[in-house]
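# Summary of the model geometry
Each chain, written out:
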Amino acid sequence: MYTDSMLKDGSLKGKTILITGGGTGLGRSMSKYFMSLGANVIISSRKKDVLDKTVEELKKETGFDTILAVGCDIRKYEEVENAIKLGQEKFGPINVLVNNAAGNFISPTERLSHKAFDVVVDIVLRGSYNCTLALGKQWIEQKIPGNVLSIVTTYAWTGSGFVAPSACGKAGVLALTRSLAAEWGKYGIRLNAIAPGPFPTEGAWARLFPEEVAKKIDPLKRIPLGRFGHHQELANLAAYLVSDFSAFVNGEVITIDGGEWIHGAGEFTAMEQIPNKMWDAIEKQVRSGK
Ligand code: HXC
Ligand code: NAP
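First things first, this report covers the structure right here in the doc. (Residues numbered from 1 in each chain as written. Chains lettered and ligands numbered in written order. Predicted model: local features only at pLDDT ≥ 70, side-chain atom pairs only at ≥ 80, totals over all residues. Heavy atoms only, no water.)

### A few points about the side chain of Thr154
- Position of Thr154 relative to the elements: it lies in the loop between strand E5 (147-151) and helix H5 (155-158).
- Excluding its chain neighbours within four sequence positions, the residues that come into contact with Thr154 are Ala195, Pro196, Thr255, Asp257 and Trp261. (Helix = DSSP H or I, 4+ residues; strand = E, 2+ residues; numbered from the N terminus. Contact = heavy atoms within 4.5 Å.)

Printed below as a string of structure tokens:
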């Protein structure tokens, strides 16, 4: 594991970054790193008390006071517009959006009410396009070369049982990323995504790997590198994508999962369960059948 900070000091100086869900988990870790690299950071989510606490903590941890908390439910377009306005009043133009907020829980899909399906898709997809559209319109009008980074998942393209609403929402966010990368590149606006594998956070672990499930299914066994991601590893990648070092990267999704999804996808990868001593017998049998 390599957890040093990647970019040089001041790499994000002059950037004002709006990060949804920035008060907890991966959003908090990215916010902290962006601040330490010189960015102004606006964190927003529904729970203003959580955001306020994070603001105080991050000011102490980074030694910078370039952070603002704005309460906002990203499902509501007017609240998104208001969050943008408050952020701009404090820091001036916002040039980076990180669509990080999400809602998710595990359930057999047939047990879900239509409202349960709605709530996840609304947070993930509607929330992301609300923020992207509200800022994108301004960027185009004001000729600001904006940058959007969305945090998706690897099942955005594979799909996944037991999290169907999240898979639908994340697939939509990936489609939005690719569509607008093609459409808005002419305005100097670029859009990329990160697809993380498991990174321990309270929000994800409580909803996706509760104790009873963890007793039956070990998520570590799915990861060739044999460990979960470290928050700084994701923050490093995110900082690169929101920085000007990635100026020619547009419409891309970068996986950071220790090889998890490709391991699950490979037709024969499960053969790792065959012990070495069995391979002599298998080879003999296979050769004899030529
Ligand atoms: C079935 C459920 C449910 C559950 C809620 N509902 N939880 N149904 N199983 N576990 C139903 C409710 O009964 C209700 O439907 C509807 O969903 C809305 O529920 P509310 O509680 O009113 O919603 P709300 O208060 O807005 O909360 C949204 C939430 C919650 C998504 C349900 O979990 C939340 O706030 N999540 C935010 C943070 C989060 O999810 N973080 C994890 C991201 S991790 P009815 O019909 O009864 O009215 C992630 C990682 C992916 O995305 C990849 C990992 C490797
Ligand atoms: P988390 O801490 O639960 O973060 C989710 C955030 O979204 C919370 O801060 C929450 O704040 C905010 N949010 C939820 N609904 C909102 C709404 N309607 N409006 C505004 N904000 C809202 O979980 P996390 O693990 O750090 O996840 C962060 C991102 O990484 C998500 O996009 C997730 O899908 C992705 N991801 C995580 C993992 C992982 O292993 N952790 C893996 C793959 C992808 P409030 O409750 O205050 O609104």
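### As for the side chain of Thr54
- Counting through the fold element by element, Thr54 comes out in helix H2 (residues 48-62).
- Overall, Thr54 belongs to the buried group, its relative accessible area being 3%.
- If near-sequence neighbours (up to four positions away) are discounted, Thr54 is found in contact with Gly22, Gly23, Arg28 and Ile43. (Buried < 20%, exposed > 50% of the residue type's maximum accessible area, 1.4 Å probe, protein only.)

### Description of helix H4 (residues 114-142)
- With 29 residues, H4 should reach 42 Å at 1.5 Å per residue; the first-to-last C-alpha distance of 40 Å fits that figure.
- Taking the largest bend as the criterion, H4 deviates by roughly 40°, centred on Asp122.
- Backbone geometry just after H4 places Lys143 at a positive phi near 55°. (Expected span 1.5 Å × (residues − 1). Bend = angle between axes of the 7 residues up to and from the residue.)

### Examining the site of ligand 1
- Not every one of the 17 residues close to ligand 1 is listed here, only the nearest: Arg46, Asn104, Ser113, Ala116 and Arg207.
- In the environment of ligand 1, an oxygen atom lies 2.7 Å from a nitrogen or oxygen atom belonging to the side chain of Arg46.
- Ser113 places a polar side-chain atom, nitrogen or oxygen, 2.6 Å from an oxygen atom of ligand 1.
- Here ligand 1, which alone exposes 1,100 Å², has 59% of that area covered by the protein.
- In terms of residue count, helix H7 (residues 202-208) provides more of the shell around ligand 1 than any other element does, four residues in total.
- Counted by class, the shell around ligand 1 contains eight nonpolar, five polar and four charged residues. (Near = heavy atom within 4 Å. Polar contact = N/O pair within 3.5 Å; in protein donor to acceptor, adjacent residues only side chain to side chain. Areas by Shrake-Rupley, 256 points an atom, 1.4 Å probe, with all protein chains shown as cover. Nonpolar A, V, L, I, M, F, W, Y, C, P; charged D, E, K, R; others polar.)

### Some details on the packing of helix H1 (residues 25-36) against helix H9 (residues 231-242)
- For the pair H1 and H9, interaxial distance at closest approach is 9 Å and the crossing angle is 60°. Relative to H9, the element H1 is oriented oblique. For the pair H1 and H9, the crossing hand works out as right-handed. Residues Gly25, Leu26, Ser29, Met30, Tyr33 and Phe34 of H1 pack against His231, Gln232, Leu234, Ala235, Asn236, Ala238, Ala239 and Val242 of H9.
- In terms of residue class, the contact of H1 with H9 is built from nine nonpolar, five polar and no charged. (Axes fitted to C-alpha atoms, helices over the stretch in contact; angles between N-to-C directions. Parallel < 35°, antiparallel > 145°, perpendicular 65-115°, else oblique. Left-handed = near helix turned anticlockwise from the far one by under 90°.)

### Focus on the sheet that holds strand E4 (residues 96-99)
- Strands sit in the order E3-E2-E1-E4-E5-E6-E7 across an open sheet of seven strands; the sheet is parallel. Both outer strands of the open sheet, strand E3 (67-71) and strand E7 (253-256), are each paired with one neighbouring strand and no more. Going across the sheet, the axis of each strand differs from the next one's by a mean of 20°, ignoring polarity.
- Contacting strand E1 (16-20), E4, E5, strand E6 (190-196) and E7, H9 runs over the sheet at an angle of about 170° to E6. (Pairing = 2+ DSSP bridges.)

By themselves, these observations are geometric and do not establish any function.
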